[in-house]
Amino acid sequence: MDFRSFLKEQRVILDGGMGTLLQAKGLKAGEKPEKWNITHPEEIVAIHRAYYDAGSNVVSTNTFGANLLKFSADELDEIVCRAFENAKKARDGSIGAQEKFVALDIGPSGRLLAPYGDYDFEDAVALFAHTVRLGVKYGAELIIIETMNDSYETKAALLAAKENSTLPVIVTNAYGENGKLMTGADPDTMVALLEGMGADAIGANCSLGPRQLLPVISRICERASLPVAVKPNAGLPEEIDGKTVFNVGAEEFALAVKEMAELGVRLCGGCCGTTPEYIEKTAKLVKNIPVKPVENKGLTVVTSYSRAVTFGKEPVLIGERINPTGKKRFKQALAENDISYILNEGISQQEKGAHVLDVNVGLPEIDEREMLVNVVCRLQTVTDLPLQIDSADADAMESAMRRYNGKPLVNSVNGKAESMAAIFPLVKKYGGTVIALTLDENGIPQNAEGRVEIARRILAEAAKYGIDKKDIVFDTLAMAVSADGGAAVATLEALSAIKNELKCHTSLGVSNISFGLPVRDAINGTFFAMALSKGLSAAIMNPHSTEMMRVYHSYRVLAGLDSDCAEYINAIPGLATVNSSAPANAVAAEEGNGLRRAIYKGLKKDAAEITRLLLLDTDPLDIVNKEIIPALDNVGADYESNKLYLPQLLMSAEAAKASFEVIKSASSGEKAAVKGRVILATVEGDVHDIGKNIVKLLLENYGFEVIDLGKDVPCDRIVEEAVRTGAPLVGLSALMTTTVPAMEKTIKLLREKALECKIVVGGAVLTEEYARRIGADKYAPDAMTTVRYAEEVAVEDGNDF
């Protein structure tokens, strides 16, 4: 039986941890676990066989970190080859009578993707693709992509798997205690993204114990129309008698996973700290729990990297201003490649209440594909709103969809055979919710019946591509009433029929209705209200239009969507006067477009330009102390209170860096004041330096000198640098359980040298208690904690560096 067939009907028992078992068998600090496929095959076979004997249906190869960033091409080929030999030998030798499969295991690259890091998306796709092809070559029956803590890297890995194999793919992400990935995605976001791209099963693994992971899994089960997988840690790690142990026993673990199975989880296994005993007890407890059938939740969702917008109860506002149609200044910005202007258009629409931003850059004299990709990627650095990718050029559409971080709204497809043949394959491959225009080769039907009939044909054709109606939003096309007095009636009748008969969501470009008439906002607002009363799901509109926002907030009150009328009352100051004609950038300017705002919003170019202007009459030190640092403090505070997430934090840091660079250039070689010196390193054996690089960027923005020793750094090298520089603070990072011993060894060596430096540690497998046990002075769960601690150390040390 192939795995897809097995998954359709059966409970699937996955395996458990590998790294902690290898440590128990003698894996040394800094040693790469994947090499044991070659150097200690008997140990790998024994672990795999123990999991099969315990009841695992799926065993993952020992290839979690097997990629070209860690190994040469020849080395990687041999490692993957031997990994599959070991797993198959274990399967052949197992006494278990259950169905057994071998999965290619793929973990994160350890690099942060651009724009937040320096690793390009396509490079990540190519990296994972190489490993996928090797897995296919050596007999993988499915692929498990696990422990991903970034939505963008997750997309890159899944895309690589789908483009280079036909194998089933299970994807599990590593969620933090706040229920989100490191870069901000919540379960709603990841479910929509992964379902849209065609994963076979989705879920969560690592980071947390089963009880802590329960809220995340519960939410995934509520939202997912796919089988759900879970592989929790065995609780939290502790250091006892020099050994790493986890604080949740096998019985407690199995009982917690049983609860998840009762919620609907179909694939059950374990991660760090779990052993064959954990899997055996789990398999026995979930054996008699009925397997819940997978239910199509019917949710229409679009996302950014961190925010999901669900169509349904609440009207969705799609900001229309990133579009050159009828906008002279916007056309100029496109022609002059003035990306800053476009970014401000996006930010201002979000500030005015838009939920999604339409992005159309079609202009004859520019390269639309290149511009669309650039604008989409740049907008995602300054706003967390989902984007509607709007283009009549299928090649431009594909390029933008490929690079988009999330599940986009796609504008558009129509009833023409040529249009559906071009757009539906893109929606199927990359995931997306598509706007479907009710027109075909014969144009736009005059009556509602004709438009509804086109909608039926579009649904039927979409189904041939495997696209469900939940991923199609129909636009019944608002036409100018100045040319046809019955236009509005036909549009609204078609809208109502599609909602009530076809059970699909709808969208309208509202302002088209008033074309050619004076006082257009009056017509637009009334038509918007009429459409909402007919069940309109989304409107492409100008959020700067006071009339439109009045209708929106009033409708929410009257429809019972605004509890105690609170949001209506809060919106009153902005609704008091009509100012719909003010361009977005003008409005932004009126609200204040200073350096603090530019840094907070992550606008690098704006930050640099404003700094240059400030330097004309402001002391550089005043700019730093009164503008840059307060802005960073605001960002840091909002990050720590979960109002902002890592991408916004990093973009703000980059904007601050741009401002600092201008000040440096204008300082005529004067040495900038330094708060203190900090050594950073990812410990030996660990090539995952995302956390370290984030900390470095923030520390430098706060005025610290950072000595970055890189990744996979031997203990002696760190100690040598600490002695040489006398740095008062050393920061150590480790992502994997198998590399924590190297961190402990480094700390011991630093103490043995009687150095007075403080030591701060961080990483996904660490806890405050564990950090204390291995001798660290401070545990940093995130980058801002390290910055705050560095400032404390600087004060204690008297800034004498």
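Worth saying up front: this structure is predicted, and the values here are computed from it rather than measured.

Here we take up the overall build of the protein chain. On a plain count of helices and strands, the protein chain comes out with 31 helices and 25 strands. The dimensions of the protein chain, computed from C-alpha atoms along their principal axes, are 85 × 75 × 50 Å. Residues counted as buried form 60% of the 801 residues belonging to the protein chain. Residue pairs in contact within the protein chain that sit at least 24 positions apart in sequence constitute 76% of those at least 6 positions apart. Both charge centroids of the protein chain, one from 87 positive and one from 110 negative side chains, sit 3 Å from each other.

Take the pattern of salt bridges next. Under the defined criterion, the tally for this structure stands at 52 salt bridges. Across the salt bridge formed by R402 and E163, the nearest N and O atoms sit 2.7 Å from each other. With a gap of 239 residues between them, R402 in helix α15 (residues 394-403) and E163 in helix α7 (residues 151-164) connect regions that are remote in the sequence. The buried category is assigned to R402, whose relative accessible area is 15%.

Across the sheet, eight strands lie side by side as β1-β10-β7-β6-β5-β4-β3-β2; this open sheet has parallel pairing. Every other strand in the sheet has two partners, leaving β1 (12-13) and β2 (58-60) as the edge strands with one partner each. Relative to strand β10 (residues 267-268), β1 runs parallel, the two being bridged by two bridges. Of the residues in β10, the one forming a bridge with V12 is L267.

Looking now at the state of the cysteines. All chains considered together, the criterion is met by zero disulfides. Just so you know, C268 is unpaired, no disulfide at all, and the nearest cysteine sulfur is the one on C221, 9.8 Å from it.

On inspection of all chains with the given rule, the structure shows seven aromatic pairs. Aromatic side chains F3 and F101 sit 5.3 Å apart centroid to centroid with 80° between the ring planes, which places their arrangement in the edge-to-face category. Of the two residues, F3 sits in helix α1 (residues 3-9) while F101 sits in strand β3 (residues 101-106), which places them 98 residues apart along the sequence. Judged by relative accessible area, which is 2%, F3 ranks as buried. Between the aromatic rings of Y116 and Y305, the centroid separation amounts to 6.2 Å while the plane-to-plane angle is 65°, which identifies the pairing as edge-to-face. Placement of Y116 in the loop between β3 and α6 (121-137) and of Y305 in the loop between β11 (301-303) and β12 (308-310) is noted, with a sequence separation of 189 residues between them. Judged on exposure class, the residue Y116 and its partner Y305 are both buried. Taken together, the aromatic side chains of F3, F6 and F101 make up a single cluster linked through ring pairs. In this arrangement the basic side chain of R329 is found over the ring face of Y341, its NZ or CZ atom lying 4.2 Å from the centre.

Position of T725 relative to the elements: it lies in helix α28 (residues 715-725). Polar side-chain contacts of T725 include one of 2.8 Å to the backbone oxygen of E721.

Right, let's get into the nonpolar core. A general trend in soluble globular proteins is that nonpolar side chains are found buried together. Counting residues in hydrophobic clusters, the biggest one holds 191 residues, and the most contacted among them are I145, I217 and I628. No other element matches helix α26 (residues 646-665), which puts nine residues into this core. For I628, the residues in contact, after removing those within four places along its chain, are L595, I599, I623, A656, S659, F660 and I663. The next biggest cluster of nonpolar side chains, apart from the first, holds 30 residues, and it includes A727, C757, I759 and V761.

Attention now goes to a nonpolar patch on the surface. On the surface, Y568, I569 and I572 cluster together into a nonpolar patch covering about 260 Å² of accessible area. Structurally, the position occupied by Y568 is in helix α21 (residues 566-575).

Attention shifts here to the sheet that holds strand β25 (residues 778-779). If you trace the five strands from one edge of the open sheet to the other, you get β22-β21-β23-β24-β25, paired in parallel fashion. The sheet terminates laterally at β22 (704-708) and β25, the two strands that pair on one side only. With five bridges joining them, strand β21 (residues 676-682) and β22 adopt parallel strand pairing. Paired with R677 across the strands is E705, a residue of β22. Where helix α27 (residues 690-701) meets the sheet, it contacts β21, β22 and β23 (729-733), and its direction lies at approximately 155° from that of β22. Against the sheet, α28 makes contact with β21, β22 and β23, and its axis sits at roughly 170° relative to β21, the strand it touches most.

Here the bond from A114 into P115 is cis, since omega is 10°, no more than 30 degrees from zero. Relative to the helices and strands, P115 resides in the loop between β3 and α6. The peptide bond linking N411 to S412 adopts the cis configuration, its omega dihedral lying at 15°. In this fold, S412 is placed in strand β16 (residues 409-414).

Along strand β13 (residues 316-319), one buried face is formed by V316 and I318 and the opposite face, lined by L317 and G319, is buried too. Alignment of β13 against strand β20 (residues 538-541), held across four bridges, turns out to be parallel. The partner of V316 across the bridge, within β20, is A538. As judged from the two bridges shared by β13 and strand β14 (residues 356-359), these two strands associate in the parallel manner. Looking at β14, one finds that G319 is bridged to L357.

The next subject is the environment of G176. Its location among the elements puts G176 in the loop between β5 (169-173) and α8 (187-197). On a C-alpha basis, the gap between G176 and A764 in space is 8.6 Å, while along the polypeptide they are 588 residues apart.

The rules behind the values
- Just so you know, the residues in each chain are numbered from 1, in the order the chain's sequence is written.
- A pLDDT threshold of at least 70 governs which residues receive local features in this predicted model, and a stricter bar of 80 or more applies before side-chain atom pairs are shown or counted, although totals over entire chains, interfaces and linings include all residues.
- Only heavy atoms go into the side-chain values, all of them from the structure, while hydrogens and water stay out.
- Put simply, DSSP H or I for four residues or longer makes a helix, DSSP E for two residues or longer makes a strand, and each gets a number counted from the N terminus.
- Exposure categories follow from relative accessible area, calculated using a 1.4 Å probe and restricted to protein chains: below 20% of the type maximum is buried, above 50% is exposed, and the middle band is partly exposed.
- Whether two residues are in contact is decided by their heavy atoms, any of which lying within 4.5 Å being enough.
- Note that His is not counted, nor are the chain ends; the positive residues are Lys and Arg, and the negative ones are Asp and Glu.
- The atom standing in for a charge is NZ when the residue is Lys, CZ when it is Arg, CG when it is Asp and CD when it is Glu.
- Between Lys or Arg on one side and Asp or Glu on the other, a salt bridge is scored when a side-chain nitrogen of the former is within 4 Å of a carboxyl oxygen of the latter.
- Criterion used throughout: strands pair if DSSP finds at least two bridges between them.
- Two cysteine sulfurs form a disulfide in these notes if their separation is within 2.5 Å.
- In summary, the pairing rule links any two rings of Phe, Tyr or Trp, Trp by its six-membered ring, whose centres are within 6.5 Å, and it sorts them by plane angle into stacked for under 30 degrees, edge-to-face for over 60 and tilted for everything else.
- A ring is considered to have a charge above it if a Lys NZ or an Arg CZ atom is located within 6 Å of its centre and within 35 degrees of its normal.
- Polar contacts here mean pairs of N or O atoms no more than 3.5 Å apart (in protein, one a potential hydrogen donor and the other a potential acceptor; neighbouring residues in sequence count only if both atoms are side-chain atoms).
- Note on terminology: a nonpolar core comprises buried Ala, Val, Leu, Ile, Met, Phe, Trp, Tyr and Cys residues joined through side-chain atoms within 4.5 Å.
- Note that patches include only residues with greater than 30% relative accessible area and no salt bridge, and the join distances are 9 Å for like charges and 5 Å for nonpolar side chains (Val, Leu, Ile, Met, Phe, Trp, Tyr).
- All accessibility values rest on the Shrake-Rupley procedure with a 1.4 Å probe; residue burial counts only the protein chains present in the view.
- Axes here refer to lines fitted to C-alpha atoms; in helices the fit is confined to the stretch in contact. Angles between the N-to-C directions go from 0 to 180 degrees.

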